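Below are the chains, spelled out letter by letter.
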Amino acid sequence: MYFCSFEKKFKMYREYKSLNLPRIDQEILEFWEANHIFEKSVEQRPGDNRFVFYEGPPSANGKPGIHHVMARTVKDLFCRYQSMKGKRVERKGGWDTHGLPIELNVEKELGITKEDIGKSISVDEYNERCRETVMRYKDMWDDITRKMGYWVDLHDPYITFKNDYIESVWWLLRQLYDKGLLYKGYTIQPYSPAAGTGLSSHELNLPGAYRDITDTSAVAQFKVKGKADEYFLAWTTTPWTLPSNTALAVGKDITYVKVRTYNRYTGKGATVILAKDRLPAYFTEPKPELQPEEVKASNKPIPYLDIVEEIKGAALAGMEYEQLMPYVQPDKPAFKVLLGDFVSTEDGTGIVHIAPTFGADDFKVARENDIPPLMVKDELGNLMPLVDKQGRFVKEVTDFAGRYVKDYGQEEERPVDVDIVIKLKEEDKLFLSEKYVHSYPHCWRTDKPVLYYPLDSWFIKATAVKERMFELNQAINWKPKSTGEGRFGKWLENLQDWNLSRSRYWGTPLPIWRSEDQKEEKCIGSVEELKREIENANQALGLKQQAPNDLHRPYIDEVVLVSDSGQRMMRELDLIDVWFDSGAMPYAQWHYPFENQQVFKDNFPADFIAEGVDQTRGWFYTLHAIAAMVFDSVAFKNVVSNGLVLDAEGNKMSKSKGNVLDPFKTIEAHSADVTRWYMMSNANPWDNLKFDIKGMEEVQRKFFGTLYNSYSFFALYANIDKFYNQEAQVPLSERPEIDRWIISLLNSLVKEVDADYADYEPTQAARKIQNFVNDNLSNWYVRLCRRRFWKPSQQQNGSKTAMDQDKLAAYQTLYECLVAVSKLMAPTAPFFADWLYRNLNNATQSESHESVHLADFPVSNAAVIDKDLEQRMDYAQRISSLVLSLRKKEKIRVRQPLHKILLPILDNHFQEQVEGVKTLILSEVNVKDIEYVTDTSGILKKRIKPNFKTLGRRLGKDMKDASAAIGALNQEDIARIEKTNQYLLELNGNSYELTLEDFEITAEDIPGWQVANDDNITVALDITLDEELEAEGMARDIVNRIQNIRKDKDFEVTDKIRVALQHDEALASAVEQYGDYIKAETLTTDLQLVDSVINGEEIELPGEVKVRISVERQ
RNA sequence: AGUCUCGUAGCUCAGCUGGUUAGAGCGCUACACUGAUAAUGUAGAGGCCGGCGGUUCAAGUCCGCCCGAGACUACCA
């Protein structure tokens, strides 16, 4: 692979035909693996200086997508950075292996539904299938992990279905249980009567779950207690819940009115109460003479007699009313008006009917106000709501007993809602009934409507530690901040208890056993305890049970324990929410507290985690909640939540749209580094990324291409000159301005990039590196210094060619920059960075690290940062740019030297600064001199503007006029202000004393010259030519043509040549005066002007001169 | 429905605590350069800074409302 080595100690710098990034990926990957670079990068750092990272476990049940590359780039980058900063960064991998998606997957593959489990397939068979499925794509995940360069330890990952893991989870649950934070309660959950199962919100969010259906809505009249003909009006889209009504809710600040009118169905007089804002929805206008006939049976708003009273909702609270449909009596006082913050006046009447058994809000507000739900006892004596689990009314609701409350395919004359409405109408309890179209959730499996139904569940009383969680969150550094304060903070403020229960099969079983009468229970916190309890039970109940080898269902369900009073206890059949599994990883990954107590202590809490924003209420929350509740601690100190990866059009990538990008193909085609760099540099990781291949190509060309070019350039000449960084460093003070400049910039860059990485700002870091490489290193430093590298070293003592100091300085400077850049970019583009570093360092052996990832992050040297110098070079760049634009305007080629630049100067410092970079500017733009034009010359035309910042505050309203007045000042005024440093501004009767700093004065023009401006710099160019300049210009053109020929003929850069040039008047003085120059530039040993050139080629020179020239290798 | 993010040139993005010609890169067009050459430089065209209203001497920037895109959470009479 390496070229011949002529000095044994050094290898040459590797040179390439072209940049092939995917091959670099491959080569470096092999190198890392063969030499265990990842392991070394961890182990070489001391254990008492850790940076703790938690890997959020992916599920290997699905294939990795491009968004995973995004999330993992963020993770990898900061870990690599901290590694280079000297931290020991262990990264234990993990797999999330439980949960509904896995079960659904298996069911789909087996073509079964949940009901089949335990019937057509046994639970252990089913779980076995889940266990197999779970790791289905593990190889693919491992592969993408390698290929994208994500360093994570996959040899010993934590796996959530392992017994040890489950045991730690049990231990955590036991801690919560002991703190009284675990309880069983019932709550209103989506429930599918047709499928006989509760549904998770995940299932409700499946596409197609919400569909528009037409329901019969009713506005019912609830009779106010103790008043004749006075009613609360409440609207419902589910009349079947009216028999279960036990309360009404109003808004505290909503204004209600009492309206006298007639019932449209019965014609009876009625005073109805509703929100004032909702009046127009039901009534037209007051009509004191209104007759009952006028309102008859219209579905439209009706007139009313008058408004009797206005009342705030707060004043209604506590009022009682008569039960609307008295089938079942409550066991406690009910039928009261409550205050609910969810009440709005957007639709309905502003009064909400409350059926605590069939609505989440209803349930909550009723419980808070101690209003009972309406329940009956089933045949076993258990309480149940007025609708059974099949979705039918219980027998106690006599009129409708046995009827389905929604459409479950039953055949009937009318929906039960309609019959209820008819009954209310007959009883003078109906104000209005209408058809109503709304979106309603359906069970994705049976396609039938879902009911909100009270179900038993186990909860974690998260609300009890809400404040503490909020407090702890204040200490977490969120990226971006808004996710922590907004999304996460708000979530914590409105925290609900955590519903842990899942009635499923493949998950961590809830370790709670209950006696049959439900009065005694035990929570098991370890396998050992389980064994002990089994032993007890065996003795007490005469059983021969053994602790199961697998803690999953169904084996664990078979375990019978015994209560303190000697009753049999069976396990509560629930599994726990998989999110608890992942939130438990800080402990369970180490099998804490059963093993690894010290390891855990060393690794808790995490310094850093990162996942997608969608994990805010997922993993981020569960980590936080468990740490807060069990350890009264944060689980992580810094968290980066990255946004989504969208397609180029900004659509979410989804399989159904077919716009999913295969991460393998992307990486194979464009390399991991381009993918990573593109993702980090294009937008902040927390913003959504519109993933566009064109953007990737741009990154490849602009950044990697340029950096590669810079390296190739360096390698080409360093090999020729045998520069292996062995010489003593040329002191900075002895290096040219431009070297000191790039070194200064480099050190500024190091400082800023270091700070950006430390602050979890990868985009800032990437952009700064990119900017440095493209604009400063390549387009300025290398471009301007090219000839320093290829000019021949000065002969010393006639024989020995030692590199002269200027050339050496150039090599040392460029080398230093390239090595530093490789280190700065290493966290983000680990492959290319290592390739670059190793190409450099393998040749020079200057550092002992075999990989850039084992090196230390560069340290900025404040002593070499020279802001004045940086500004100087900025002037040089801008002035050069202006001169070039003038040349272009005047159509004068750059090879034609010119006499001078005129540069107006406004202060001495500016002149000093420009003087420092004068030679640079002159050679860049091919001009002989700079002439500074000062004020005193009197030829400058100046422009004056107010300084809005200083004046704005003082002048206030007069600012506008001041701006006009100041703009109108003439050259003499400006001169006077500059001289006296004061100006009295009279405006609108006010006078203001202004000083120089209240103005911005710029030189704008030099009358009679072509000028160009850039902000506060103005440049003019002297374009007059004389013979000598023309001769020099011609000489340069001749050099140029000879160089082209050299290149056409594929001469080596070092080949010496002989040149014969056909004589022409136009060339004569050029060759005469600049012959030596031409020879030196082109490595010509012999330059002849001859009458005719037989061989060779024709060249064209300025002035339409055509001559023949012959160029021969010596 | 609520919460949060985003909306600036054809595309991707900068625009700090409000300060007066709104920037960069890419793309496009033209020109130049040619010992980094499947590179490089210069110039040009291209913007009611999503809309409306407000605060202010001054708004891309602050506030309110609306529209659009997206995410999450919830599902409501």
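Everything discussed here concerns the structure shown above.
In this text, all values refer to a predicted model and were calculated from it rather than measured experimentally.

Rules used in this analysis
Residues numbered from 1 in each chain as written. Chains lettered and ligands numbered in written order. Predicted model: local features only at pLDDT ≥ 70, side-chain atom pairs only at ≥ 80, totals over all residues. Heavy atoms only, no water. Helix = DSSP H or I, 4+ residues; strand = E, 2+ residues; numbered from the N terminus. Rg over C-alpha atoms; globule rule 2.2 N^0.38 Å. Contact = heavy atoms within 4.5 Å. Areas by Shrake-Rupley, 256 points an atom, 1.4 Å probe, with all protein chains shown as cover. Lys, Arg positive; Asp, Glu negative; His and termini not counted. Charge placed at Lys NZ, Arg CZ, Asp CG, Glu CD. Pairing = 2+ DSSP bridges. Near = heavy atom within 4 Å. Polar contact = N/O pair within 3.5 Å; in protein donor to acceptor, adjacent residues only side chain to side chain. Nonpolar A, V, L, I, M, F, W, Y, C, P; charged D, E, K, R; others polar. Buried < 20%, exposed > 50% of the residue type's maximum accessible area, 1.4 Å probe, protein only. Axes fitted to C-alpha atoms, helices over the stretch in contact; angles between N-to-C directions. 1 Å grid on protein atoms, 1.4 Å probe; cavity = no way out; pocket = protein on both sides within 12 Å on 5 of 7 lines; lining within 4 Å. Points joined across faces, edges and corners; volume = space filled by probe spheres on them. Salt bridge = Lys/Arg side-chain N within 4 Å of Asp/Glu carboxyl O. Parallel < 35°, antiparallel > 145°, perpendicular 65-115°, else oblique.

Moving on, we come to the overall build of chain A. Looking only at helices and strands, chain A has 34 helices and 44 strands in total. In terms of overall dimensions, chain A is more spread out than a globule: its C-alpha atoms have a radius of gyration of 41 Å, far above the 32 Å expected for 1114 residues. Overall size of chain A, expressed as C-alpha extent along the three principal axes, is 125 × 90 × 55 Å. Of the contacts formed within chain A by residues at least 6 apart in sequence, a portion of 75% connects residues at least 24 apart. Total accessible area computed for chain A in this model is approximately 49800 Å², and 46% of it derives from carbon and sulfur atoms. Of the side chains in chain A, 142 bear a positive and 174 a negative charge, and the two mean positions are spaced by 1 Å.

Pairing in this open sheet of four strands is antiparallel, and the strands run β23-β22-β25-β24 from one edge to the other. Edge positions in the open sheet fall to β23 (521-523) and β24 (561-562), since each of these has one partner strand only.

With that settled, the discussion passes to the protein's contact with RNA strand B. The environment of RNA strand B is made up of 60 residues, and the closest members are Trp-235, Thr-236, Val-352, Arg-895 and Val-1053. Among the atoms of RNA strand B close to the protein, meaning within 4 Å, 61% are from sugar or phosphate groups. In the environment of RNA strand B, a phosphate oxygen lies 3.1 Å from a nitrogen or oxygen atom belonging to the side chain of Lys-690. If you tally residues by element for the surface near RNA strand B, the top one is helix α24 (residues 762-790), at seven residues. For the surface near RNA strand B, the per-class residue count stands at 14 nonpolar, 22 polar and 24 charged.

For the rest of this paragraph, the subject is the pairing of strand β33 (residues 898-904). Of all seven residues making up β33, five are buried, and the element is well covered by its neighbours. Sheet topology places β33 next to strand β34 (residues 927-933); six bridges connect them, and they run parallel. By the bridge assignment for β34, Leu-898 is matched with Val-927. With two bridges connecting them, β33 and strand β40 (residues 1017-1021) associate as antiparallel partners. Bridge pairing in β40 places Ile-901 opposite Leu-1021.

Before going further, it helps to examine the sheet that holds strand β43 (residues 1097-1101). Taken in spatial order, the four strands make up an open sheet running β42-β41-β44-β43, and their pairing is mixed. With one partner strand each, in any of the chains shown, β42 (1084-1090) and β43 form the two edges of the open sheet. Pairs of neighbouring strands in the sheet enclose a mean axial angle of 30 degrees, with direction left out of account. Inspection of the sheet shows strand β41 (residues 1057-1062) paired to β42 by six bridges, in the parallel sense. Among the inter-strand pairings, Arg-1058 is bridged to a residue of β42, identified as Asp-1086. Those strands touched by helix α33 (residues 1027-1048) are β41, β43 and β44 (1105-1113), and its axis lies near 145 degrees from that of β43. Across the sheet, helix α34 (residues 1065-1082) is in contact with β41, β42, β43 and β44; its angle to β42 comes to roughly 165 degrees.

Attention now moves to empty space enclosed by the protein. A full pass over the atoms with the stated rule returns two cavities of 30 Å³ or more. Space inside the largest cavity adds up to approximately 40 Å³. In this structure, the largest cavity is lined by Glu-55, Pro-58, Arg-72, Gly-93, Gly-94, Trp-95, Trp-141, Asp-142, Thr-145, Val-152 and Leu-154. Among the elements of the structure, β1 (92-95) and α6 (138-147) are those that each provide at least two residues to the lining of the largest cavity. The residue inventory of the lining of the largest cavity, partitioned by class, reads five nonpolar, three polar and three charged. Quantified by volume, the second largest cavity comes out at close to 30 Å³. For the second largest cavity, the full set of lining residues is Ser-41, Arg-80, Ser-83, Met-84, Arg-91, Trp-151 and His-853.

A full pass over the atoms with the stated rule returns 76 salt bridges. With a shortest N-O distance of 2.8 Å, Asp-754 and Lys-85 are connected by a salt bridge. Here the residue Asp-754 occupies a position in helix α23 (residues 737-758), and Lys-85 occupies one in the loop between α3 (66-84) and β1, the gap between them amounting to 669 residues. A relative accessible area of 37% places Lys-85 in the partly exposed class. The residue Arg-414 makes a salt bridge to Asp-419 at a minimum N-O spacing of 2.8 Å. Through salt bridges with shared partners, a single ionic network connects Arg-403, Glu-412, Glu-413, Arg-414 and Asp-419.

Time to look at unusual backbone geometry. In this structure, Pro-480 follows Lys-479 across a cis peptide bond, with omega equal to -5 degrees. By the secondary structure assignment, Pro-480 is in the loop between β19 (477-479) and α14 (481-493). Here the bond from Tyr-592 into Pro-593 is cis, since omega is 0 degrees, no more than 30 degrees from zero. Residue placement: Pro-593 occurs in the loop between α17 (585-588) and α18 (597-602). Despite not being glycine, His-36 shows a phi value in the positive range, around 50 degrees. Relative to the elements of secondary structure, His-36 occurs in the loop between α1 (21-35) and α2 (37-43). Unusually for a residue other than glycine, Gln-518 sits at a positive phi of about 70 degrees. Here Gln-518 is to be found in the loop between β22 (512-515) and β23. Given a relative accessible area of 40%, Gln-518 falls into the partly exposed group.

The subject of this paragraph is the packing of α1 against helix α20 (residues 663-670). Two elements in contact, α1 and α20, have axes whose closest approach is 6 Å; the angle formed by their N-to-C orientations is 105 degrees. Taken together, the axes of α1 and α20 are roughly perpendicular relative to one another. Taken together, the residues of α20 that come into contact with α1 (itself represented by Leu-21, Pro-22 and Asp-25) are Ile-667, Glu-668, Ala-669 and His-670. Of the residues in the contact of α1 with α20, the class split is four nonpolar, one polar and two charged.

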